[in-house]
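# Coordinate analysis (summary)
Here is what each chain is made of, one letter per residue.
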Amino acid sequence: MSAVIENSPRTLSESGEFRFSCGRELACFNKCCRDVNIYLTPIDIALMRRALGISSGELLKTHVIPLFPKAIGHPVMLLKMRKSDKSCPFTTDNGCRIYNARPWSCRSFPLEPADGEGFSIVKRDFCLGFDGEHVQKVSDWRDGQDMKLHEAVNNIWSSVTQHPAVDRVNLLDGPGRDVFFIGSYNPDEFRSMIFNSGFLNHFSVDEETLRRVREDDIELIGFGVKWMRTVLFGENMLARR
Ligand code: SF4
Ligand code: SF4
């Protein structure tokens, strides 16, 4: 008989183990993709719009509810559920239509970062994934969900959202909001602004950086972070002309 690891509220490290398995053979298949709050980060939006073959502007217009919570201090993007049954618009009978580009929070479930360090387990009453016998390490689960790129990019972005001077800048209204919005959530518009407006008259950017920003969405997000920190917080991360 295999050992049963009880999933308790304890905090797990990367080497910790938990009991969970998910699959389309379970009666709960797709239930977790309904009536759920999924907040999108810059890399989520960049990958999702590519998978859907639409621009980031279209993604924002069609599938996102922008929220401006004072408690958080910057705009957040909530994935819009279908009106009819509150299911995610990307759910199909076969599962997620954008599985390889699904957002970080879809990858993370049933783990979430704990306060401080480690991970805690999120339980949902309808989820049968906890009823099986399969036990795995946190690190193996996370590797299987391919979360590292998302987390590396989110970490870079957090240098804006958790900047020491963030409380002194209004990111919820006016020009601060506009800068944060385009630099974080609208990569196609931001790229167009860099190459098709007077942006390069104001900032000196070398050719190699421009090439990478033009071709690579992750480079664009990193460049956006430097631009936001320069414009919003007065750092010298981009050289002004
Ligand atoms: S994006 Fe995919 S995995 Fe996430 S809730 Fe929607 S259908 Fe489910
Ligand atoms: S086991 Fe949980 S995560 Fe997997 S499909 Fe069922 S409800 Fe969703």
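Computed from a predicted model, the values in this text were never measured in an experiment.

Thresholds applied
- Residues numbered from 1 in each chain as written.
- Chains lettered and ligands numbered in written order.
- Predicted model: local features only at pLDDT ≥ 70, side-chain atom pairs only at ≥ 80, totals over all residues.
- Near = placed C-beta within 6 Å.
- Nonpolar A, V, L, I, M, F, W, Y, C, P; charged D, E, K, R; others polar.
- Domains from an automatic or database assignment.
- Contact = placed C-beta atoms within 7 Å.
- Helix = DSSP H or I, 4+ residues; strand = E, 2+ residues; numbered from the N terminus.
- Pairing = 2+ DSSP bridges.
- Core = buried A, V, L, I, M, F, W, Y, C linked by C-beta atoms within 7 Å.
- Buried ≥ 20, exposed ≤ 12 C-beta atoms within 10 Å, placed from the backbone.

Here the focus is the site of ligand 2. If you check the shell around ligand 2, you find C22, L26, C28, F29, K31, C32, F109, F126, C127, L128 and G129 and nothing else. Classifying every residue of the shell around ligand 2 gives 9 nonpolar, 1 polar and 1 charged.

By nearness alone, every residue bordering ligand 1 is listed as C33, I38, C88, F90, T91, C96, I98, R102, P103 and C106. Partitioning the shell around ligand 1 into residue classes produces 8 nonpolar, 1 polar and 1 charged.

Further remarks concern the domain arrangement of the protein. Assigned domains within the protein: domain 1 (17–146) and domain 2 (149–240). When each unit is reduced to the centre of its C-alpha atoms, the spacing between domain 1 and domain 2 is 25 Å. Counting from both sides, the interface comprises 17 residues of domain 1 and, opposite them, 19 residues of domain 2. Elements with a minimum of two residues in the side of domain 1 that touches domain 2: α1 (42–52), α2 (56–63) and α3 (104–108). Among the elements that take part in the side of domain 1 that touches domain 2, α1 stands out by supplying 4 residues, more than any other. Grouping the amino acids of the side of domain 1 that touches domain 2 by side-chain chemistry returns 9 nonpolar, 6 polar and 2 charged.

The sheet built from 3 strands is open, its strands ordered β2-β4-β3 with antiparallel pairing. Strands at the two margins of the open sheet, each flanked by one partner only, are β2 (39–40) and β3 (64–67). Looking at chain direction, β3 and strand β4 (residues 76–79) are connected through 4 bridges and run antiparallel. Considered in β4, the bridge of L67 is made with V76.

Formed by 29 residues in total, the largest nonpolar core has its most connected members in I45, I221 and M228. Listed by contribution, the elements that provide at least two residues to this core are α1, α2, β4, α5 (148–161), α6 (174–185) and α10 (217–233). The element best represented in this core is α10, accounting for 7 residues. Each of two domains, domain 1 (17–146) and domain 2 (149–240), supplies a minimum of three residues to this core. Those residues in contact with I221 that sit more than four places away from it in its chain are P42, I43, A46, V153 and W157. Listed in part, the 7 residues of the second largest apolar core include F18, L111, I121 and W141.

A few words now on the pairing of β4. Across the two faces of β4 the burial differs, with M77 and L79 buried and V76 and L78 not buried at all. Bridge count between β2 and β4: 2 bridges; the pairing is antiparallel. From the neighbouring strand, L40 faces β4, where its bridge partner is M77.

Going from F109 to P110, the amide bond is cis rather than trans, its omega being 10 degrees. If you trace the backbone, P110 turns up in the loop between α3 and β7 (111–113). Even without being glycine, N30 reaches a positive phi, approximately 80 degrees. You can see N30 is positioned in the loop between β1 (17–19) and β2. For N30, a count of 16 C-beta atoms within 10 Å corresponds to the partly exposed category. A positive phi angle, close to 55 degrees, is found at D146, a residue other than glycine. Within the secondary structure, D146 sits in the loop between α4 (138–144) and α5. Of the residues examined, D146 has 11 C-beta atoms within 10 Å and is grouped as exposed.

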